[in-house]
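Survey of secondary and tertiary structure
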Amino acid sequence: MAGLLSLVIPVYNEADSLEPLVAEIDESLRAAGLEYEIVFVDDGSTDGSFAVMQQLAAPRGDVRIVKLRRNFGKAAALSHGFAECRGDFVVTMDGDRQDDPAEIPRLIAPLDDGYDLVSGWKQSRQDPLNKTLPSRLFNWTVRRTTGIPLHDFNCGLKSYRREVVDTIYVYGEQHRYIPVVAAQAGFRVTEEKVSHRRRTAGRSKYGWQRYLRGYLDLMTVLFLGRYQHRPQHLFGGIGTLLILIGILVELYLTVDKLVFGHPIGQRPLLLLGALAIIVGVQLLSLGLIGELIANSRARGGPDPAQVARIVEGGIAVMSAAAGPAAPGSSKPAAATAALVVAAAGSLPADAAGAPAGVAPGVADRQ
Ligand code: UDP
Ligand code: MG
């Protein structure tokens, strides 16, 4: 891949890792002859990570820091890094040195073969068993529910074409589903085996709660991917089925009473039928409210993020990266970035310049 590579590194309390990490990055990427910049996102660190980053950035022009006002989570940190980076292509990696920068040249190679996102696969993950086992179950579930055949969705090491980071938007803890969100948006996703190392400094930021939250986020990502443009197809579908079941049950009871003269007042089926009708009507109404929201978003015009390119007379006049800003732009809220620091010192972030973060439309998987 030719052009500038942006290395986006989310950092939350990794002070002791940063200096050796940058030394390793310089060694690996210079040897590979890559032109690169490093974009650190300080996600509200309280251990002096920001001071270390400033020291690292001061003598050189290719290290920039986005400092967030507090800890907003890895997905938000990545989104801010995507918004700030200037590269023609992007690699994300963790700031704890568990990812090896020497893998980067291999990780970006598939971008030349037409892939838009290459996700690292930590085939021999160097983490305790209480992480690796649940992680296998997690990856299996995501594979089965999304149909995307990756082995390791949550690897910190990933490479992207520029238009991917300009299009997708993740927030909360959705960093685990970046390949899913990208595939839902219509990008070509693949994986590449990468080595993984033990943590040598600092502590992991995620405990067992990650899996519970991860499954809730999976539901959100699946719902948004499939139904954000047609919520009534989900809620209305289940609601209508329940109403039909309820009506059939109540009809049966009515015939039983009127034709056969059996008492029905004490029968549990009576309650079940009524419940099915009530819940069905509620779901149908929820779907209509969802349609109201989808409708008001659709009135903003078609989402340019869905367009791969426009060709006129055999010539491409617009590629996705150069396209107009989406009505729901993929930029994260600038209000959460306290400072953007370049080599020459501290420049205040242009808080008024960037629009508020709104999830862009992703392609509707029929
Ligand atoms: N991280 C972050 N914000 C958070 C949690 C984590 O920026 O709220 C960063 C963290 O500093 C590290 C990367 O995300 O660079 C991965 O975190 P961690 O190593 O704790 O995850 P694990 O390897 O245990 O899955
Ligand atoms: Mg780690």
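From a predicted model like this one, the values you see are computed outputs, not experimental measurements.

1. Side note on the overall build of the chain
If you tally the helices and strands in the chain, you get 10 helices and 11 strands. Taking as baseline every contact in the chain between residues at least 6 positions apart, the subset at least 24 positions apart corresponds to 80%.

2. Concerning helix α2 (residues 49-57)
Regarding α2, the residues found buried are S49, F50, V52, M53 and A57. Along α2, the residues classed as buried sweep out an arc of 160 degrees about the axis, all on the same side. With respect to the buried face of α2, the exposed residues turned more than 90 degrees away are A51 and Q55.

3. Considering the environment of T336
Mapped onto the elements of the fold, T336 is located in the loop between β9 (315-319) and β10 (337-342). Along the primary structure T336 and D43 are separated by 293 residues, whereas in three dimensions their C-alpha atoms are 10.0 Å apart. When residues no more than four places from it in sequence are discounted, the contact partners of T336 are L68, R69, F72 and A76.

4. Topic: the packing of helix α9 (residues 231-258) against helix α10 (residues 268-298)
Between two packed helices, both the angle of their axes relative to each other and the distance between the axes serve to describe the pair. Relative orientation of the contacting elements α9 and α10 amounts to 160 degrees, with a least axis distance of 7 Å. Taken together, α9 and α10 sit at an angle that is classed as roughly antiparallel. Between α9 and α10 the crossing geometry is left-handed. Split by residue class, the contact of α9 with α10 holds 23 nonpolar, nine polar and two charged.

5. Re α9
Residues that lie three or four places apart on an α-helix share one face, since the helix turns once every 3.6 residues. The terminal C-alpha atoms of α9 lie 40 Å apart, and with 28 residues this matches the ideal 40 Å at 1.5 Å per residue to within 8%. Every buried residue of α9 is accounted for by P231, F235, G236, G239, L242, G246 and V249. Tucked into the core, α9 has its buried residues touching α8 (209-227) and α10.

6. Digging into the nonpolar core
L7, V8, I168, V181 and A182 are the most contacted members of the largest nonpolar core, which totals 69 residues. Of the residues forming this core, the biggest block, six residues, is contributed by helix α3 (residues 74-84). Formed by five residues, the second largest nonpolar core is a distinct cluster that contains F235, L242, V249 and A276.

7. Regarding the site of ligand 1
Contacts to ligand 1 come from 17 residues, most closely from P10, Y12, G95, S204 and K205. Among the secondary structure elements, those contributing two or more residues to the shell around ligand 1 are β1 (4-11) and α3. Taken together, the residues of the shell around ligand 1 sort by class into five nonpolar, six polar and six charged.

8. Regarding the pairing of β9
The buried fraction of β9 is low, at zero of five residues. Here four bridges tie strand β8 (residues 309-312) to β9, and the two strands are oriented antiparallel to one another. Bridging from a neighbouring strand, E312 pairs with I315 of β9. Between the antiparallel neighbours β8 and β9 lie two residues, among them G313 with a positive phi of about 55 degrees.

9. Quick look at the packing of helix α1 (residues 15-31) against α2
Contact geometry for α1 and α2: axes closest at 8 Å, N-to-C directions at 20 degrees. Looking at the two axes, α1 sits roughly parallel to α2. The interaxial crossing formed by α1 with α2 has right-handed handedness. For the pair formed by α1 and α2, the contact residues are A15, L18, E19 and V22 on the first element and S49, V52, M53 and L56 on the second. Of the residues belonging to the contact of α1 with α2, the class tally is six nonpolar, one polar and one charged.

10. Section: the confidence of the model for the chain
Across the chain, the average pLDDT comes to 89, with 90% of residues at 70 or higher. Ignoring residues within four places in sequence, the model shows residues 323-329, a span with pLDDT below 50, making 18 contacts including any to other chains. Confidence over residues 345-366 falls short of pLDDT 50; this stretch has 53 contacts with residues more than four positions distant or in other chains.

11. Observations regarding unusual backbone geometry
With a phi angle near 60 degrees, N13 is a residue other than glycine that sits in the positive phi range. Within the element layout of this structure, N13 appears in the loop between β1 and α1. Judged by C-beta crowding, with 20 C-beta atoms within 10 Å, N13 ranks as buried.

The rules behind the values
- Residues numbered from 1 in each chain as written.
- Chains lettered and ligands numbered in written order.
- Predicted model: local features only at pLDDT ≥ 70, side-chain atom pairs only at ≥ 80, totals over all residues.
- Helix = DSSP H or I, 4+ residues; strand = E, 2+ residues; numbered from the N terminus.
- Contact = placed C-beta atoms within 7 Å.
- Buried ≥ 20, exposed ≤ 12 C-beta atoms within 10 Å, placed from the backbone.
- Arc of directions from axis to C-beta.
- Axes fitted to C-alpha atoms, helices over the stretch in contact; angles between N-to-C directions.
- Parallel < 35°, antiparallel > 145°, perpendicular 65-115°, else oblique.
- Left-handed = near helix turned anticlockwise from the far one by under 90°.
- Nonpolar A, V, L, I, M, F, W, Y, C, P; charged D, E, K, R; others polar.
- Expected span 1.5 Å × (residues − 1).
- Core = buried A, V, L, I, M, F, W, Y, C linked by C-beta atoms within 7 Å.
- Near = placed C-beta within 6 Å.
- Pairing = 2+ DSSP bridges.
- pLDDT = per-residue confidence, 0-100.

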